[in-house]
Amino acid sequence: LAKLLRTGVDPAGRSLGQSMPKYELSDRDMAILIHYLKQLSSADGYSPGVTDSEIRFATIVTDDVSEQDSEAMLNVLRAHIRTRNTETRPHQRRATRAPFYKTELYSAYRRLTLDVWRLKGHPDTWPDQLWAYYDERPVFALLGGISGQSWETIHQFCEEQKLPAILPITEQPHISDSAWYTLYFSRGLYQEGESAADFLMRSEWAKNKKIVQLFDGSHQSRLLASAFLENWRGPGSRLTTINLADKSQHQLSELVSVTDKDTVLVVWAKMAPHSPLLQAIQQHGEVDSILLSYGLVGDGWREIMPDDMDRLYITIAQSLPGENEKRARVVKRWLQREGIPITNFDIQAKMYFIGWLLPGALRYMRSEFYRDYFMEGFDMMRDQNSAIAVYPRLSFSPGQRYLAKGAYVATPSAGNSGELIKLTNWATN
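Presented here is a report on the structure given in the accompanying data block. Predicted, not measured: the structure shown is a model, and the values here were computed from it.

### Let's talk about the overall build of the protein chain
At step 1: Looking only at helices and strands, the protein chain features 15 helices and 14 strands.
At step 2: The buried share of the protein chain, taken over its 429 residues, is 50%.
At step 3: Summarising the internal contacts of the protein chain: among those between residues at least 6 apart in sequence, 66% fall at separations of at least 24.
At step 4: Here the protein chain has roughly 21,100 Å² of accessible surface; of this, 48% comes from carbon and sulfur atoms.

### A word on the packing of helix 14 (residues 345–365) against helix 15 (residues 371–379)
At step 1: Viewed as axis vectors pointing N to C, helix 14 and helix 15 meet at an angle of 125°, and their least axial separation amounts to 8 Å. Between helix 14 and helix 15, the interaxial angle falls into the category oblique. Taken as a pair, helix 14 and helix 15 cross one another with a handedness that is right-handed. Where helix 14 abuts helix 15, its residues Leu 357, Leu 358, Ala 361, Leu 362, Tyr 364 and Met 365 lie against Tyr 373, Phe 374, Glu 376, Gly 377 and Phe 378.

### What to know about the side chain of Asp 379
At step 1: Within the secondary structure, Asp 379 is located in helix 15.
At step 2: Excluding its chain neighbours within four sequence positions, the residues that come into contact with Asp 379 are Trp 180, Phe 396, Ser 397, Pro 398, Gly 399, Gln 400 and Arg 401.

### A few points about the packing of aromatic side chains
At step 1: If you walk through the whole model with that rule in mind, you get 22 aromatic pairs.
At step 2: Geometrically, the ring pair formed by Trp 117 and Tyr 133 is stacked, given 5.6 Å between the ring centres and 5° between the ring planes. Residue Trp 117 is located in strand 2 (residues 111–119), and its partner Tyr 133 is located in helix 5 (residues 126–136); the two are separated by 16 residues in the primary sequence.
At step 3: By relative accessible area, Trp 117 is classed as buried at 2%.
At step 4: Given the relative accessible area of 26%, Tyr 133 is considered partly exposed.
At step 5: Lying across the ring of Phe 345, Lys 332 places its NZ or CZ 5.3 Å from the centre.
At step 6: Here the basic side chain of Arg 401 rests over the ring of Trp 180, its NZ or CZ set 4.4 Å away from the ring centre.

### Points about the pairing of strand 7 (residues 239–243)
At step 1: Two elements, strand 6 (residues 210–215) and strand 7, share five bridges in a ladder whose sense is parallel. For Val 212, the partnering residue across the bridge sits in strand 7 and is Thr 240.
At step 2: This β-α-β element, strand 6 to helix 8 (residues 219–231) to strand 7, shows right-handed connectivity.

### Thoughts on the sheet that holds strand 4 (residues 165–166)
At step 1: The sheet built from six strands is open, its strands ordered 2-1-3-4-5-11 with parallel pairing. Looking at strand neighbours, the two that pair on one side only are strand 2 and strand 11 (402–404), the edges of this open sheet.
At step 2: Pairing analysis gives two bridges linking strand 4 to strand 5 (residues 182–186), with the strands arranged parallel. Looking across to strand 5, one finds that Ile 166 is bridged to Leu 183.

### Describing the nonpolar core
At step 1: Phe 57, Leu 200, Phe 228, Val 267 and Phe 374 are the most contacted members of the largest nonpolar core, which totals 108 residues.
At step 2: Of the residues forming this core, the biggest block, 12 residues, is contributed by helix 14.
At step 3: Setting aside residues no more than four positions away along its own chain, Phe 374 makes contact with Phe 57, Phe 140, Ala 141, Pro 164, Ile 166, Leu 358, Ala 361, Leu 362 and Met 365.
At step 4: Counting 17 residues, the second-largest nonpolar core is a separate cluster that includes Ile 60, Tyr 134, Cys 158 and Tyr 184.

### Section: a nonpolar patch on the surface
At step 1: Taken together, the side chains of Leu 1, Tyr 36 and Leu 37 present a nonpolar region at the surface, about 290 Å² in accessible area.
At step 2: Here Leu 37 shows up in helix 2 (residues 27–40).

### Describing helix 14
At step 1: Across its 21 residues, helix 14 extends 31 Å between first and last C-alpha, which sits within 8% of the 30 Å expected from 1.5 Å per residue.
At step 2: The sharpest bend along helix 14 measures roughly 30° and falls at Leu 357, with the proline Pro 359 sitting one to four residues further on.
At step 3: Taken across its 21 residues, helix 14 has 15 buried, putting it largely inside the fold.

### Notes on unusual backbone geometry
At step 1: Phi is positive for Leu 167, which is not a glycine, with a value near 55°.
At step 2: In this structure, Leu 167 sits in the loop between strand 4 and strand 5.
At step 3: The buried category is assigned to Leu 167, whose relative accessible area is 0%.
At step 4: Despite not being glycine, Asn 324 has its phi angle at roughly 55°, a positive value.
At step 5: As for its placement among the helices and strands, Asn 324 is situated in the loop between strand 10 (312–316) and helix 13 (325–337).

Thresholds, definitions, all that
- Residues numbered from 1 in each chain as written.
- Predicted model: local features only at pLDDT ≥ 70, side-chain atom pairs only at ≥ 80, totals over all residues.
- Heavy atoms only, no water.
- Helix = DSSP H or I, 4+ residues; strand = E, 2+ residues; numbered from the N terminus.
- Buried < 20%, exposed > 50% of the residue type's maximum accessible area, 1.4 Å probe, protein only.
- Contact = heavy atoms within 4.5 Å.
- Areas by Shrake-Rupley, 256 points an atom, 1.4 Å probe, with all protein chains shown as cover.
- Axes fitted to C-alpha atoms, helices over the stretch in contact; angles between N-to-C directions.
- Parallel < 35°, antiparallel > 145°, perpendicular 65-115°, else oblique.
- Left-handed = near helix turned anticlockwise from the far one by under 90°.
- Phe/Tyr/Trp six-rings, centres within 6.5 Å; stacked < 30°, edge-to-face > 60°.
- Lys NZ or Arg CZ within 6 Å of the ring centre and 35° of its normal.
- Pairing = 2+ DSSP bridges.
- Right-handed = clockwise from strand over helix to strand, strands pointing away.
- Core = buried A, V, L, I, M, F, W, Y, C linked by side-chain atoms within 4.5 Å.
- Patch = residues over 30% accessible without salt bridge, like charges linked within 9 Å, V, L, I, M, F, W, Y side chains within 5 Å.
- Salt bridge = Lys/Arg side-chain N within 4 Å of Asp/Glu carboxyl O.
- Expected span 1.5 Å × (residues − 1).
- Bend = angle between axes of the 7 residues up to and from the residue.

Set out below in structure tokens:
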């Protein structure tokens, strides 16, 4: 094998085709690679969750997610599973009488099943619940999933069990350079925080401004603040970070009153129209500009900000509302054909994309049903900018686990029309 990889010549002395690359590996690296390859199929049979007739998948729903949003995810996933199983039937029949060179292709087809793992209570209790589901009925991989809380507990479970998790819907993924088994759409809120820091460091108008970063006690807010701090490369004297947790209305007013027209207020907090923080900013604040996270406030920014809209900046880690209409129409037609009402298009478009990717990853395995091989199928896919309606593009590559690698900074359009205008390109960090 080492000779084959280094020279392209097999044990019988035959040269491989020109498309086969040659690898200049040291003896140590070659030994590591061969050991790894030997271990991939060392266990008896396939990876857990696969039988001679089916591949079992699961998806996760946590109890903080509304029924409408959970059904938006589940309905699309189930429709994809139904379609796949309908297409499988003729291939299973062909496997019994296929010519030898297609036997492996047809025999690889399996019926797909989808279990729903519903996690309840505090994330500290999730490992026991995950173990209970997994022990009762092991699955080959997780598809989708949705939670308004941090995905870290689920991420760690998947790493420990070497369980693939394909594109969960979460704004709070686990951030890691070494994780392997979870494939995310993006780094979510973390991506917004680092993009905000980059934007303020690069902007000429902000060069001499004071930056005051406010965050509350929520995990989302802390994630944004930590990402901002980790990526801030400007002078430390310009940046002040303040935790708003447990501060009274009076303390908020005093805090905001010290800002001035040379201050950029970075607010990582959910603000309703009558929230104490918003009232303090409106009544006592005098700032150059305010920067918010779309992942936290969503379209609610229209209701909470002052009339002086040119002071407002918003980070957003996916396409702006109204973009990608051509791609969106494709998804909407598919939903209509499947009889699925549009309830949360963002969720439904992401699940449509999973269903679009899944057949390719399954075909890539042929009849080698191993989880690492399944993950490799996604790694080897081409970058996508047509089948996804809520991101400009998604980029695949071996070992990369966050597909959307950019974010925008936007501002409201002139005349307060309710639209956002991009101020930056799809900036990658």
